[in-house]
Amino acid sequence: MSSIKQSDIISVLKSEIENYDIKTNVSETGTIIQIGDGIATIYGLENAMYGELVEFETGVHGIVQNLEMKTVGVVLLGSDYGLVEGSKVTRTKKRAGVPVSSSLLGRVVDALGKPIDGKGNIEAEDYYPIENEAPGVVARKSVTVPMQTGIIAIDSMFPIGRGQRELIIGDRQTGKTSIAVDTIINQKKENVVCIYVAIGQKASTVAKIVSTLTKHNALDYTIVVAASASDLAPLQYIAPYSGTAMAEYFMKQGKDVLIVYDDLSKHAVAYRAMSLLLKRPPGREAYPGDVFYLHSRLLERSARLSEEYGGGSITALPIIETLAGDVSAYIPTNVISITDGQIFLESELFFAGIRPAVNVGLSVSRVGGAAQTKAMKKASGSLRIDLAQFREMEIFTQFSAELDKSTKDLLDHGNRLVELLKQPLSKPLPLHEQIILLVSANNKLLLDIPVKEIKKFRNDLIDYFENKYINIIEEINTEKVLTDELISQIVEATKEFKSR
Ligand code: ATP
Ligand code: MG
């Protein structure tokens, strides 16, 4: 007993006390044991939660993604410059989020909500978590208000309602982005907040979209959230959630929001890269097992809230790129099953000059019909069926020279409808123009006009109505119903125009 010195006891006690301190500390701070490729494995941080924001020594932030027995896996939201094994990491006890504010409108920001357009700071009004629970059944209301795209082929046959999720799907370079951008441009007078989320695109492509929006005075009511191809995979992964958090901020104020995710194929690829680096087990096409949840929890947040919950809405236009028109691939089928319909764009149509290249047979809108104005519903009439019959007959009669009259009529009508649905970029058509054109087509008033002249005819016809029949235009726009009397007025006016 006497061999133990007093000083020994003291030193043991001292080290015990010191170690005790570290032990309690490891729940709040941790040490990097491995870092690289934007992923850090951290020893400690025992109390950290999934999705929590942590801060590294250099001030860079990260999000906790993997929770293991002794370690946690963190994805970095910035450069790992200056971080080495042994560097300290501390909890922030905050969920990852973005600053939100109405001064975000008209700005281009990164996935963390920081401005990247050189127009100065954005004053934050609040901080919203990027991951948020979707509104429940009680908070929701059915979709009844239209979200006009201004694209006649979509508004007439595949109408979109506020609160709906409509997928835009097609091969590369088929006009997917153009449809989304045109829809944003068409919201000028609609009092809709627009958010365009660019994921994994070239920075130059994003710049082009920003300049298109600026040119059409559409940037003022739009936020562009950009995580381009050169950004870290974790930033590309969180970008759509950040955009949705901003959308929720406006929805909570009772506003209608339109959000475009361009595109979710690249989003899934970024998530796959991140998951593989986090050593999560790969599944089909090397995507992790929860890739379905990745998109379902994102798109579930689109909703139309009932009045008691503020009455706002989020309409989502996710975009998916297919390979050789294959809609049955893994990611396309997943997203098709989550959304309320899809606009299917086809390369063949696009190259044949039918733009927007909407495939009428494969496109569908499952809830928008209820939101379509009565006038549009009546005006579009049998358009879809006529076009489907036309397509069938077109293939059928390709090689036969002799056609009976009814077949010839059907083909003539179909050819003119196809021509009528062509629409140049950034030229959204207001409701009344769409209705006048559809009524004249349905009443077979285009049949005696050569196909080549349809384009000029429709422009002149609209001019004629604007000059002479402003009363008809006003009635369509205010009443939004198409009475038989109004139809006959439009028919008479069109005949009058033709006789000149
Ligand atoms: P990516 O796969 O590269 O993202 P995308 O499917 O988004 O392509 P867009 O970028 O929208 O396609 O359009 C491709 C090209 O087609 C663009 O040059 C665009 O100007 C043109 N384009 C798209 N829609 C129309 C249209 N309605 N009329 C004329 N040109 C169009
Ligand atoms: Mg695109």
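Below is a short write-up of the structure.

About the criteria used
- Residues numbered from 1 in each chain as written.
- Chains lettered and ligands numbered in written order.
- Predicted model: local features only at pLDDT ≥ 70, side-chain atom pairs only at ≥ 80, totals over all residues.
- Heavy atoms only, no water.
- Axes fitted to C-alpha atoms, helices over the stretch in contact; angles between N-to-C directions.
- Helix = DSSP H or I, 4+ residues; strand = E, 2+ residues; numbered from the N terminus.
- Parallel < 35°, antiparallel > 145°, perpendicular 65-115°, else oblique.
- Contact = heavy atoms within 4.5 Å.
- Nonpolar A, V, L, I, M, F, W, Y, C, P; charged D, E, K, R; others polar.
- Core = buried A, V, L, I, M, F, W, Y, C linked by side-chain atoms within 4.5 Å.
- Buried < 20%, exposed > 50% of the residue type's maximum accessible area, 1.4 Å probe, protein only.
- Phe/Tyr/Trp six-rings, centres within 6.5 Å; stacked < 30°, edge-to-face > 60°.
- Lys NZ or Arg CZ within 6 Å of the ring centre and 35° of its normal.
- Pairing = 2+ DSSP bridges.
- Near = heavy atom within 4 Å.
- Polar contact = N/O pair within 3.5 Å; in protein donor to acceptor, adjacent residues only side chain to side chain.
- Areas by Shrake-Rupley, 256 points an atom, 1.4 Å probe, with all protein chains shown as cover.
- Salt bridge = Lys/Arg side-chain N within 4 Å of Asp/Glu carboxyl O.

Some thoughts on the packing of helix α13 (residues 431–442) against helix α16 (residues 484–499)
Here is step 1 of the chain: Between α13 and α16, whose axes approach to 10 Å, the crossing angle comes to 80 degrees. As judged from the angle between their axes, α13 and α16 are roughly perpendicular. Here Ile 436, Val 439 and Ser 440 of α13 lie close against α16, whose contacting residues are Ile 487, Ile 490, Val 491 and Thr 494.
Here is step 2 of the chain: Its residues placed into classes, the contact of α13 with α16 shows five nonpolar, two polar and no charged.

Quick notes on the packing of helix α12 (residues 405–421) against α13
Here is step 1 of the chain: Their axes nearest at 11 Å, the elements α12 and α13 cross at an angle of 175 degrees. Relative to α13, the element α12 lies roughly antiparallel. Mapping the contact onto sequence places His 413, Leu 417 and Leu 420 in α12 and Leu 437, Leu 438 and Ala 441 in α13.
Here is step 2 of the chain: Residue composition of the contact of α12 with α13, by class: five nonpolar, one polar and no charged.

Some thoughts on the nonpolar core
Here is step 1 of the chain: Among the nonpolar cores identified, the biggest contains 79 residues, and Ile 184, Leu 213, Ile 435, Phe 465, Leu 482 and Ile 490 are the most heavily contacted of them.
Here is step 2 of the chain: Here Ile 490 is in contact with Ile 436, Val 439, Phe 465, Ile 472, Ile 476 and Leu 482, once residues within four sequence places are set aside.
Here is step 3 of the chain: In this structure, Val 75, Val 98, Ala 111 and Ala 316 belong to the second largest nonpolar core, which totals 59 residues.

Concerning the packing of aromatic side chains
Here is step 1 of the chain: In the structure shown here, the tally under the stated rule is 10 aromatic pairs.
Here is step 2 of the chain: Where Tyr 237 meets Tyr 271, the ring centres are 5.1 Å apart and the plane angle is 25 degrees; that geometry is what we call stacked. Placement of the pair is Tyr 237 in helix α5 (residues 233–252) and Tyr 271 in helix α6 (residues 264–277), with a sequence separation of 34 residues. With respect to class, Tyr 237 is no different from Tyr 271; both count as buried.
Here is step 3 of the chain: Note on Phe 350 and Phe 351: the rings are 5.9 Å apart at their centroids and 80 degrees apart in plane angle, and the pair reads as edge-to-face.
Here is step 4 of the chain: The ring centre of Tyr 127 lies 4.6 Å from the NZ or CZ of Lys 94, which sits over that ring.
Here is step 5 of the chain: Lying across the ring of Tyr 293, Arg 297 places its NZ or CZ 4.8 Å from the centre.

A word on the environment of Val 84
Here is step 1 of the chain: Considering the arrangement of structural elements, one finds Val 84 in the loop between β5 (71–76) and β6 (88–95).
Here is step 2 of the chain: The sequence separation of Val 84 and Ser 7 amounts to 77 residues, and the corresponding C-alpha distance is 37 Å.
Here is step 3 of the chain: Sequence-distant contacts of Val 84, that is, excluding residues within four places in its chain, are made with Ile 32 and Ile 35.

Focus: the sheet that holds β6
Here is step 1 of the chain: The strand order around the closed barrel formed by six strands is β1-β2-β5-β4-β3-β6, and the pairing between neighbours is antiparallel. On average, each strand axis in the sheet is inclined to that of its neighbour by 45 degrees, with strand direction left out of account.
Here is step 2 of the chain: Inspection of the sheet shows strand β4 (residues 61–67) paired to β5 by five bridges, in the antiparallel sense. Bridging from a neighbouring strand, Val 64 pairs with Val 74 of β5.

Section: the side chain of Ser 302
Here is step 1 of the chain: Positionally, Ser 302 belongs in the loop between α7 (291–299) and β14 (313–321).
Here is step 2 of the chain: For Ser 302, a relative accessible area of 2% translates into the label buried.
Here is step 3 of the chain: Aside from chain neighbours lying at most four places away, what touches Ser 302 is Arg 140, Gly 163, Arg 165, Ile 314 and Ala 316.

Re the site of ligand 1
Here is step 1 of the chain: Around ligand 1, a shell composed of 13 residues is seen, among which Gln 173, Lys 176, Thr 177, Ser 178 and Gln 423 lie nearest.
Here is step 2 of the chain: Between ligand 1 and Gln 173, the relevant distance is 2.8 Å, taken from an oxygen atom to a side-chain nitrogen or oxygen of the residue.
Here is step 3 of the chain: In the model, a nitrogen atom of ligand 1 is placed 2.9 Å from a nitrogen or oxygen of the Gln 423 main chain.
Here is step 4 of the chain: When the free accessible area of ligand 1 is taken as 630 Å², the share hidden by the protein chains comes to 70%.

Structural notes on the environment of Met 49
Here is step 1 of the chain: Structurally, the position occupied by Met 49 is in the loop between β2 (39–44) and β3 (52–56).
Here is step 2 of the chain: Taking the C-alpha atoms as reference, Met 49 lies 8.2 Å from Lys 93; in sequence the two are 44 residues apart.
Here is step 3 of the chain: With near-sequence residues (within four places) excluded, Met 49 lies in contact with Val 64, Leu 67 and Arg 91.

Some details on the pattern of salt bridges
Here is step 1 of the chain: Tallied over the entire structure, the rule returns 22 salt bridges.
Here is step 2 of the chain: Across the pair Asp 256 and Arg 162 runs a salt bridge whose closest N-O atoms are separated by 2.9 Å. Residue Asp 256 is located in strand β13 (residues 256–262), and its partner Arg 162 is located in the loop between α2 (152–157) and β10 (167–170); the two are separated by 94 residues in the primary sequence.
Here is step 3 of the chain: Here Asp 256 falls in the buried class, since its relative accessible area comes to 18%.
Here is step 4 of the chain: When its relative accessible area of 8% is taken as the criterion, Arg 162 is described as buried.
Here is step 5 of the chain: In this structure, Lys 405 engages Asp 409 in a salt bridge whose closest nitrogen and oxygen atoms are separated by 2.7 Å. Of this pair, Lys 405 and Asp 409 are both found in helix α12, four residues apart, which corresponds to roughly one turn of the helix.
Here is step 6 of the chain: A residue is classified by how much of its surface remains accessible, and Lys 405, at 60% relative accessible area, is exposed.
Here is step 7 of the chain: Among the ionic contacts, a cluster of salt bridges with common partners joins Glu 28, Glu 52, Arg 91 and Lys 93.

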